[in-house]
Amino acid sequence: MPTDFSSLTLRSALKQTWVALALLAPLTALHAQEPQTPDAAPEASTARVYQTLVRAKRFMAVSANALATQAGQEILRDGGSAVDAAIAMQLVLGLVEPQSSGVGGGAFLLHYDAAAHKVRSYDGRETAPASVGPDLFFRQGKVMSFGEAVNSGRAVGTPGVLRLLKLAHRRHGKLPWPRLFSAAITLAEKGFAVSPRLHAQIAGNRALFAQEPARDYFYPNGQPAAVGHILKNPAYAAVLKRVATEGVTAFYEGEIADDLVAAVRAHRVPGELTLADLSAYRAKERTAVCGKHAVYQICSIGPPSSGGIAVLQMLGMLEQHQLDQMQPGSVEAAHYFSEAGRLAFADRERYIADPDFITVPVDALLDPRYLHWRGAQIDSRMSMGTALPGDPLKMLAKRGKDQAADVPSTTHLVVVDAQGDGVSMTSTIESEFGSKIFVRGFLLNNQLTDFSLQPNDPEGRPIANRVEPRKRPRSAMAPTVVMRDGRLFMLAGSPGGSAIINFVAKTLMAVLDWQMDVQQSIDLPNIGSRNRDTELERGSAAESLQQGLRQRGHRVTISPMPSGVHAIVFDKEGITGGADPRREGRAAGD
Ligand code: GLU
């Protein structure tokens, strides 16, 4: 069939206009830095950063902070692998972006091996203590408030990041382990300048101020550490030195582990973490979830995360509706995209949890025939409001609807090394500053609030993602690898709580279906539905879609939608990288 160039040109002209509008809106500082309650989404308090597409020939690193990206770039220059760079970046992020991730948290890592054309996925998710039960978040027979649960010892799961990094290094590392620690140790000892985003989040977080060791560090002289204030963290440097020379056992056993457990147990609302929980922790290799989309093969993390499955479901359901023919930023595209989100979230709430504890029907949920059938339920003119879950394996009657909530924080990094190997890693301590419990210079996660706080739904059906001993809470993280003809094409992921799914799906669609460059794709306003209202990003061109969506029966909410997508895409000229203007990251490469 001959190509209709006139419509192609028109389409790309419209795309450019939309992107220009989308870029203009965020350039203004959006929200005042007002104090927030600990449960609010303080992400709204930071201004946007102007980002441009970055190009490189040999390798590239992208993360949420320039110092971390620089650490990764140095490792790559020294001949390090993508995993080596990711380790160095994570250790720096734990210092300079402590509100989002660190050695006190967990992560999922996807690795692309260029020689073998193989994707491997690694799970460093936190685990519940061995002694807890489904009533972990109950007090006197009643479920705690979400805020109380988050800021407590009970929310702390056994951290997984260091064991995950060690496992990945054993498999894919090139430089010696201690070398990967030097940038973070030096920065922790000499100090780093507090960034605008870190300052705003410290200033807006009353729960952090209430925790004494955290207060001493983050509020020098009783005031939130100012932008540019040089923050030194000798305690964190000392932890890193020991792990660098003695290995990760120095963290999971001995004095550091003693202090970690003591801090959790000494909290006003104590947790039950033990030394045995720490020493028993193992990172796991998991089977990646993969699917086809147009000419691409997309792989992401499987359970205990729901992220990969939900992203693949959305793309699969939308295939029959030819989104590539729709205008990005049109009411029509937003309608279909949010309807697909509703359907994916409905399944997510019933079926996905730790696969070591419950059968997750992964293949059935990703079967192209099932996805075609689900996608066919999208009406072109009217929103379905609330989607019902599908029942591909007739197990719905026994699955309660999940009651988990989350508050967005977290971080995502991507790396490509000179061999063409890649890493896509999402890392988290769950909500902003995690549980706020600060031990030896790092924060402990509150990941266990990613479990359903209630074990059963109101109809009495057990919830797949209920608390159980040594179980991993369900996640929404979706570190993703895209291949074309078996070769690496794209790496992407995002923080953002359960909205991660929409952030990642949007970026993939913009690159793969709308052929936007990676920076334009990240900049594109965030939209989507988590099977509740249709959300449109505040302060962006997407606000103009309200009326059109309401006419199609959508209940619309305008909200900040703070993604933190970091991504790499290969094009004809080499490697391109993009960082999210909603955070303060940086892409850099040689
Ligand atoms: N704890 C969330 C998850 O694992 C991530 C939180 C966030 O991205 O802010 O899905």
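Structure report, in brief. Quantities reported herein were computed from a predicted structural model and do not represent experimental measurements.

**Side note on the overall build of the protein**
Inference 1: Check the secondary structure of the protein and you find 20 helices and 23 strands.
Inference 2: The C-alpha atoms of the protein give a radius of gyration of 22 Å, which matches the 25 Å a tight globule of 590 residues would have.
Inference 3: With the C-alpha coordinates aligned to their principal axes, the bounding extent of the protein is approximately 70 × 55 × 50 Å.
Inference 4: Out of the 590 residues in the protein, the part that is buried amounts to 63%.
Inference 5: Excluding contacts between residues fewer than 6 apart, the proportion of contacts in the protein whose partners are at least 24 apart in sequence is 73%.

**Quick look at the packing of helix α3 (residues 82-96) against helix α5 (residues 161-172)**
Inference 1: The N-to-C vectors of α3 and α5 enclose an angle of 160 degrees; their axes lie 9 Å apart at closest approach. Judged by the angle between their axes, α3 and α5 are roughly antiparallel. For α3 against α5, the interelement crossing comes out left-handed. Taken together, the residues of α5 that come into contact with α3 (itself represented by Val83, Asp84, Ile87, Gln90 and Leu91) are Val161, Leu162, Leu165, Ala168, His169 and His172.
Inference 2: Residue classes in the contact of α3 with α5 are distributed as seven nonpolar, three polar and one charged.

**A closer look at the site of the ligand**
Inference 1: In the vicinity of the ligand, 15 residues are found, and the nearest of them are Ser409, Glu430, Gln447, Asp450 and Ala476.
Inference 2: Between the ligand and the protein, one listed contact pairs an oxygen atom with a backbone N or O atom of Ser409 at 2.3 Å.
Inference 3: In the environment of the ligand, an oxygen atom lies 2.8 Å from a nitrogen or oxygen atom belonging to the side chain of Ser475.
Inference 4: Burial of the ligand by the protein amounts to 100% of the accessible area it has alone, namely 290 Å².
Inference 5: Grouping the constituent residues of the shell around the ligand by class yields six nonpolar, six polar and three charged.

**Comments concerning the sheet that holds strand β1 (residues 54-56)**
Inference 1: The seven strands lie next to each other as β1-β22-β21-β17-β16-β11-β10, forming an open sheet whose pairing is antiparallel. Two strands in the sheet have a free side with no partner beyond their single neighbour: β1 and β10 (289-293). For this sheet, the mean inter-axis angle between neighbouring strands, taken without regard to orientation, is 25 degrees.
Inference 2: Alignment of strand β17 (residues 487-492) against strand β21 (residues 566-571), held across two bridges, turns out to be antiparallel. Considered in β21, the bridge of Met490 is made with Val569.
Inference 3: Lying on the sheet, helix α14 (residues 307-318) is in contact with β10 and β11 (296-300); it crosses β10 at an angle near 15 degrees.
Inference 4: Sitting on the sheet, helix α18 (residues 500-512) touches β10, β11, β16 (480-484), β17 and β21, and the angle it makes with β17 is about 140 degrees.

**As for the packing of aromatic side chains**
Inference 1: For the structure on display, the rule yields eleven aromatic pairs.
Inference 2: Each ring, one from Trp177 and one from Phe181, has its centre 5.0 Å from the other, and the planes form 65 degrees; the classification is edge-to-face. Each member of the pair, Trp177 as well as Phe181, is classed as buried.
Inference 3: Ring centres of Phe218 and Phe433 lie 5.4 Å apart, and the angle between their planes is 70 degrees; this geometry places the pair in the edge-to-face category.

**Considerations on helix α15 (residues 331-351)**
Inference 1: Taking 1.5 Å of rise per residue, the 21 residues of α15 would be expected to cover 30 Å, and the 31 Å separating its terminal C-alpha atoms lies within 8% of that figure.
Inference 2: Most of α15 sits inside the fold, with 19 of its 21 residues counted as buried.

**Comments concerning α14**
Note that an α-helix has 3.6 residues per turn; residues three or four places apart therefore point the same way.
Inference 1: Taking 1.5 Å of rise per residue, twelve residues should cover 16 Å, and α14 covers 17 Å from first to last C-alpha, within 8% of that figure.
Inference 2: The element α14 is extensively covered by neighbouring structure, given that twelve of its twelve residues are classed as buried.
Inference 3: Buried residues of α14: Gly307, Gly308, Ile309, Ala310, Val311, Leu312, Gln313, Met314, Leu315, Gly316, Met317 and Leu318, and no others.

**Brief notes about the state of the cysteines**
Inference 1: By the definition in use, this model includes one disulfide.
Inference 2: There is a disulfide in this structure between Cys290 and Cys299, and the S-S distance comes to 2.1 Å. Judged by the sign of its S-S torsion, about 110 degrees, the bond between Cys290 and Cys299 is right-handed.
Inference 3: Residue Cys299 is classed as buried on the basis of its relative accessible area, which comes to 2%.

**Notes on the sheet that holds strand β20 (residues 556-559)**
Inference 1: Taken in spatial order, the three strands of this open sheet run β18-β19-β20, and their pairing is mixed. Whereas interior strands pair on both sides, the edge strands pair on one side only; in this sheet they are β18 (527-529) and β20. The average angle at which neighbouring strand axes cross in this sheet is 25 degrees, direction not considered.
Inference 2: Bridging between β18 and strand β19 (residues 534-537) involves three bridges; their strand directions are antiparallel. Along β19, the bridge assignment pairs Gly528 with Glu535.

**Details of the pattern of salt bridges**
Inference 1: For the coordinates displayed, the defined rule picks out 34 salt bridges.
Inference 2: Between Arg440 and Asp259 there is a salt bridge, and its shortest N-O distance comes to 2.8 Å. Placement of the pair is Arg440 in the loop between β14 (438-439) and β15 (442-443) and Asp259 in helix α12 (residues 255-266), with a sequence separation of 181 residues.
Inference 3: We classify Asp259 as partly exposed; its relative accessible area is 31%.
Inference 4: When the shortest N-O distance is used, the salt bridge between Asp580 and Arg582 registers 2.7 Å. Taken individually, Asp580 and Arg582 each receive the classification buried, so the pair is uniform in this respect.
Inference 5: Residues participating in the shared-partner salt-bridge network are Asp123, Lys284, Arg286, Asp354, Asp356 and Arg472.

Cut-off values and rules
- Residues numbered from 1 in each chain as written.
- Predicted model: local features only at pLDDT ≥ 70, side-chain atom pairs only at ≥ 80, totals over all residues.
- Heavy atoms only, no water.
- Helix = DSSP H or I, 4+ residues; strand = E, 2+ residues; numbered from the N terminus.
- Rg over C-alpha atoms; globule rule 2.2 N^0.38 Å.
- Buried < 20%, exposed > 50% of the residue type's maximum accessible area, 1.4 Å probe, protein only.
- Contact = heavy atoms within 4.5 Å.
- Axes fitted to C-alpha atoms, helices over the stretch in contact; angles between N-to-C directions.
- Parallel < 35°, antiparallel > 145°, perpendicular 65-115°, else oblique.
- Left-handed = near helix turned anticlockwise from the far one by under 90°.
- Nonpolar A, V, L, I, M, F, W, Y, C, P; charged D, E, K, R; others polar.
- Near = heavy atom within 4 Å.
- Polar contact = N/O pair within 3.5 Å; in protein donor to acceptor, adjacent residues only side chain to side chain.
- Areas by Shrake-Rupley, 256 points an atom, 1.4 Å probe, with all protein chains shown as cover.
- Pairing = 2+ DSSP bridges.
- Phe/Tyr/Trp six-rings, centres within 6.5 Å; stacked < 30°, edge-to-face > 60°.
- Expected span 1.5 Å × (residues − 1).
- Disulfide = S-S within 2.5 Å.
- Salt bridge = Lys/Arg side-chain N within 4 Å of Asp/Glu carboxyl O.

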